[in-house]
Amino acid sequence: MSPGPYARTYQASLADPGAFWGAAAKDIDWVTPPTTVLDDSRPPFYRWFPDGELNVCFNAVDRHVAQGRGGQPALRYDSPVTGARLTLTYAELLEQVRAVAGGLRGLGVDKGDRVVIYMPMVPEAIVAMLACARIGAVHSVVFGGFAPQELAARIDDAAPKVILTASCGVEPSRVVPYKPFLDEAIRRSSHRPDACVVLQREQRPAELGERDLDWQDFVTGDAARAGAEPVPVRGTDPLYILYTSGTTGRPKGIVRDSGGYAVALRWSMTAIFDVGPGETIFTASDVGWVVGHSYIVYAPLLAGATTVLYEGKPVGTPDAGAFWRVIAEHGVKALFTAPTAFRAIKREDSRATRLAAYDLGGFRTLFLAGERLDPDTYEWASATLGVPVIDNWWQTETGWPIAANLKGIEQLPIKPGSPSVPVPGYDVRVLDGEGREVEPGQEGAICIRLPMPPGTLPTLWGDDERFVSSYLSAYPGYYLTGDGGYVDEDGYLFVMGRTDDVLNVAGHRLSTGSIEAALAGHEAVAECAVIGVRDELKGQVPRALVVLKSDVDAGAEGERIRRELVHRVRAEVGAVAALRHVDIVSGLPKTRSGKILRKTMREIADGQAPAVPATIEDATVLDALRPVLREG
Ligand code: COA
Ligand code: AMP
């Protein structure tokens with residue numbers, strides 16, 4: 001049988017990446033078109049479009065206005081938590097972006113300078129990102145659900161000249177003040193920004209200090225009125241830094257280049273998401289996560305599509321029909337969210353009775369990513385919506401899908417539990433401990449043969465060494481994804497979960513290290529470990545095992561300490577960490593070299609019977625823990 005469109009495209013992308021991505025680059029407007037597509041002269045560092053010059057904001061905004069589509073909606077803001085609605089056409093978006101870019105210039109922000117954006121899901125957050133891109137500044141968006149310590153770590157690493165924020169975020173149950181978090185983060189960091197611009201929201205205006213500026217004054221001042229025009233940057237210049245959790249408490253600053261990202265995302269909108277100019281995509285995530293960066297902001301706008309910015313939840317704002325309403329009201333063609341959102345909807349309205357109130361006639365595809373799509377949720381979503389449900393697997397590091405079913409090229413049969421096949425450009429291999437490729441059906445470490453396609457991380461911010469040691473040194477010539485899984489006889493990939501200690505809570509990636517650091521800061525704690533255990537709604541939730549100092553009376557003080565620990569994690573890491581379960585134990589199982597056996601504990605807690613590593617220091621410690629772990 002001759003290969004179909006997917007197989008042909010995939011093979012072409014690996015046989016000659018230069019020709020493949022060179023052709024894709026034609027869909028981007030370059031100030032100076034690249035003559036080199038891939039610079040592979042310095043492995044393991046690869047660079048895409050090194051001599052091309054472009055401006056990503058121009059491609060995402062100005063270009064569509066220049067092409068006569070200024071009147072088309074670019075952004076539809078829909079905020080059930082505040083009742084606000086706003087549509088911005090491409091022409092209106094351009095006007096706002098020009099002004100904010102001018103304002104940033106006025107504050108002394110130049111090409112290459114960093115700007116931290118700590119904002120909720122409001123249009124100004126997107127405007128801010130694009131304004132940075134316009135002047136060649138590097139944005140670093142920090143998710144609003146992170147607490148001061150996490151924000152401080154990012155401020156110290158990125159060293160921003162300016163921070164853009166809002167007075168508060170609005171969650172269904174409460175108004176979350178952002179400004180005090182920011183002030184506290186700046187107090188904790190050694191870097192000081194020159195200025196903070198604060199969007200005042202009526203739900204909770206903030207008090208402004210000496211270095212603060214009101215957003216309204218900022219966007220109406222002389223510099224904003226003068227505006228700023230797009231600055232050409234090189235293909236390899238950074239567009240943004242997005243911090244993500246590793247296993248230690250120190251976040252990794254994933255660098256995103258400009259040229260490769262623009263080319264890959266533009267290509268993905270057609271090939272994977274099948275959404276084109278004038279069509280609407282609704283990505284229910286947050287601009288603080290990679291899914292938000294790529295599929296709320298950059299990809300839809302690069303494609304000239306309309307993006308929905310939704311400030312709400314799948315349930316409770318006001319009910320489990322919220323997504324259906326948004327799809328119907330905004331004529332959404334594709335919805336992209338995390339499986340946990342569908343588990344939440346299913347839990348509340350298992351027969352999807354709320355669907356009947358809405359006309360989903362224009363809706364074509366549901367895309368799910370961010371965590372494993374369990375077959376039950378797949379079946380429910382598929383039967384409920386009657387459209388293809390496309391699981392896609394990727395990570396902050398890659399910026400866009402590694403594996404998916406490519407709707408815009410050839411829709412292959414779907415296998416529940418699998419994100420289908422490798423996306424063109426990604427040479428996915430499953431390796432055993434010795435670096436040998438395993439047989440189909442056999443589990444191993446999922447790796448990607450270098451070079452990875454454009455848009456994927458070229459390095460970590462200011463730390464080439466950590467980039468190599470974290471991702472490239474385990475298997476020379478390969479990028480280590482950190483996920484384990486297998487490929488079946490038909491070439492379908494099955495991703496079974498992280499092989500390291502990274503947590504995935506409701507599609508939010510969190511580090512065991514940060515949670516442990518927050519716990520260890522409590523005066524009564526001698527030692528602790530955090531493991532991620534299975535949860536019906538959130539996929540995984542953290543569970544803490546804590547050993548108290550010998551002079552602490554666990555019987556008398558245990559309850560209070562447990563409460564304080566839950567509170568500490570909320571205050572230090574953020575509410576999204578959702579730590580509820582703390583066990584006080586007498587010891588933690590370790591290897592003889594002192595490494596805590598988190599994986600073994602996690603497997604026991606999930607009801608498995610893992611083999612105990614031969615290197616265990618004292619097996620009786622683990623035996624004593626078994627009933628505690630199983631009980632949870
Ligand atoms: N700013 C401040 N606080 C935030 C926040 C933000 N941007 N986002 C979440 N939080 C808080 C919530 O208010 C909640 O606080 P609480 O403990 O006081 O209630 C806590 O963090 C946990 O939030 P969340 O993870 O949203 O859990 P939930 O129980 O409120 O809701 C779901 C569960 C499944 C409905 C929710 O996780 C969801 O919609 N997930 C969608 C998946 C998603 O967007 N993933 C992102 C990657 S694609
Ligand atoms: P993040 O960097 O926050 O996007 O998280 C990336 C991690 O989420 C991956 O390494 C996986 O562990 C997990 N993940 C994302 N998408 C999927 C998916 N479709 N199936 C299984 N796991 C996924």
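Scroll up for the structure.
Cut-offs used in this document
- Along every chain, residues carry numbers that run from 1 in the direction the sequence is written.
- Labels follow written order: the first chain is A, the first ligand is 1, and so on.
- Only residues with pLDDT of at least 70 are given local features in this predicted model, and only at 80 or more are side-chain atom pairs given and counted; all residues enter the totals for whole chains, interfaces and linings.
- Where side-chain values are given, they derive from all heavy atoms of the structure, hydrogens and water being excluded.
- Think of it this way: DSSP has to see at least two bridges between two strands before they count as a pair.
- Each helix corresponds to a stretch of at least 4 residues labelled H or I by DSSP, and each strand to a stretch of at least 2 residues labelled E; elements are numbered beginning at the N terminus.
- Fitted lines through C-alpha atoms serve as axes, helices being fitted only where they are in contact, and the angles separating the N-to-C directions of these axes extend from 0 to 180 degrees.
- Distance and chemistry together define a polar contact, namely a pair of N or O atoms within 3.5 Å, with one atom able to donate a hydrogen and the other to accept it when in protein, and with adjacent residues in sequence counting only for side-chain atoms on both sides.
- Should any heavy atoms of two residues lie within 4.5 Å, those residues are considered in contact.
- Here a residue counts as near a molecule or strand whenever at least one of its heavy atoms sits within 4 Å of it.
- What sets the accessible areas is the Shrake-Rupley method with a 1.4 Å probe; for residues, cover comes only from the shown protein chains.
- A domain assignment, automatic or from a database, supplies the domain bounds used here.
- Polarity classes work like this: nonpolar for Ala, Val, Leu, Ile, Met, Phe, Trp, Tyr, Cys and Pro, charged for Asp, Glu, Lys and Arg, and polar for all others, with Gly in that last group.

Peer 1: Talk me through the sheet that holds strand β23 (residues 427-431); I want residue IDs and the actual numbers.
Peer 2: Note: strands within a sheet are paired through backbone hydrogen bonds, in either parallel or antiparallel orientation. Strand order in the open sheet made by the four strands is β23-β24-β25-β26, with antiparallel pairing throughout. In the strand order of this sheet, the two ends are held by β23 and β26 (493-498), each with one partner. With strand direction ignored, the average angle separating the axes of adjacent strands in the sheet is 50°. Sheet topology note: the strand β25 (residues 478-487)/β26 ladder contains five bridges and is antiparallel. Of the residues in β26, the one forming a bridge with Asp 483 is Arg 498.

Peer 1: So what's going on with the sheet that holds strand β20 (residues 389-391)? Which residues, and what values?
Peer 2: Ordered in space as β5-β4-β17-β16-β18-β19-β20, the seven strands form an open sheet in which the pairing is mixed. The open sheet terminates on both sides in strands that have one partner only, identified here as β5 (84-89) and β20. Going across the sheet, the axis of each strand differs from the next one's by a mean of 20°, ignoring polarity. Judged from the six bridges that link them, strand β4 (residues 73-79) and β5 form a sheet pairing that is antiparallel. Looking at the pairing, Asp 78 lines up with Arg 85 of β5.

Peer 1: Report on the side chain of Gln 540, specifying residues and quantitative values.
Peer 2: Secondary-structure assignment places Gln 540 in strand β30 (residues 539-548). Separated by 2.8 Å, the side chain of Gln 540 and the backbone nitrogen of Asn 504 make a polar contact. Beyond its immediate sequence surroundings of up to four residues, Gln 540 is in contact with Val 502, Leu 503, Asn 504, Val 505, Ala 506, Gly 532, Val 533, Asp 535 and Arg 602.

Peer 1: Before we move on, could you go through unusual backbone geometry and cite the residues and values that matter?
Peer 2: Among all residues except glycine, the phi angle is most often negative; among peptide bonds, the trans geometry is most common. A cis amide bond links Pro 43 with the next residue in sequence, Pro 44, at an omega value of 10°. Mapping Pro 44 onto the fold places it in the loop between β1 (38-42) and β2 (45-48). Here Leu 450 and Pro 451 are connected by a cis peptide whose omega angle stands at 0°. Structurally, Pro 451 can be placed in the loop between β24 (444-449) and α15 (464-472). Here Phe 49, not a glycine, exhibits a phi torsion of approximately 50°, which is positive.

Peer 1: Give a detailed account of the site of ligand 1, specifying residues and quantitative values.
Peer 2: Neighbouring ligand 1 are 24 residues, the closest being Glu 171, Arg 174, Lys 313, Pro 314 and Arg 570. One of the backbone N or O atoms of Gly 144 is found 3.4 Å from a nitrogen atom in ligand 1. Between ligand 1 and Val 576 there is a distance of 3.3 Å, counted from an oxygen atom to a backbone nitrogen or oxygen. Here ligand 1, which alone exposes 940 Å², has 84% of that area covered by the protein. Each of two domains, domain 1 (5-486) and domain 2 (506-631), supplies a minimum of three residues to the shell around ligand 1.

Peer 1: How would you sum up the site of ligand 2? Please name residues and give values.
Peer 2: Near ligand 2 you find 15 residues, and of these Asp 391, Thr 396, Asp 483, Arg 498 and Arg 509 are the closest. Asn 392 places a main-chain nitrogen or oxygen 2.8 Å from a nitrogen atom of ligand 2. In the complex, the protein chains occlude 93% of the 490 Å² of accessible area that ligand 2 would expose alone. For the shell around ligand 2, the per-class residue count stands at four nonpolar, five polar and six charged.

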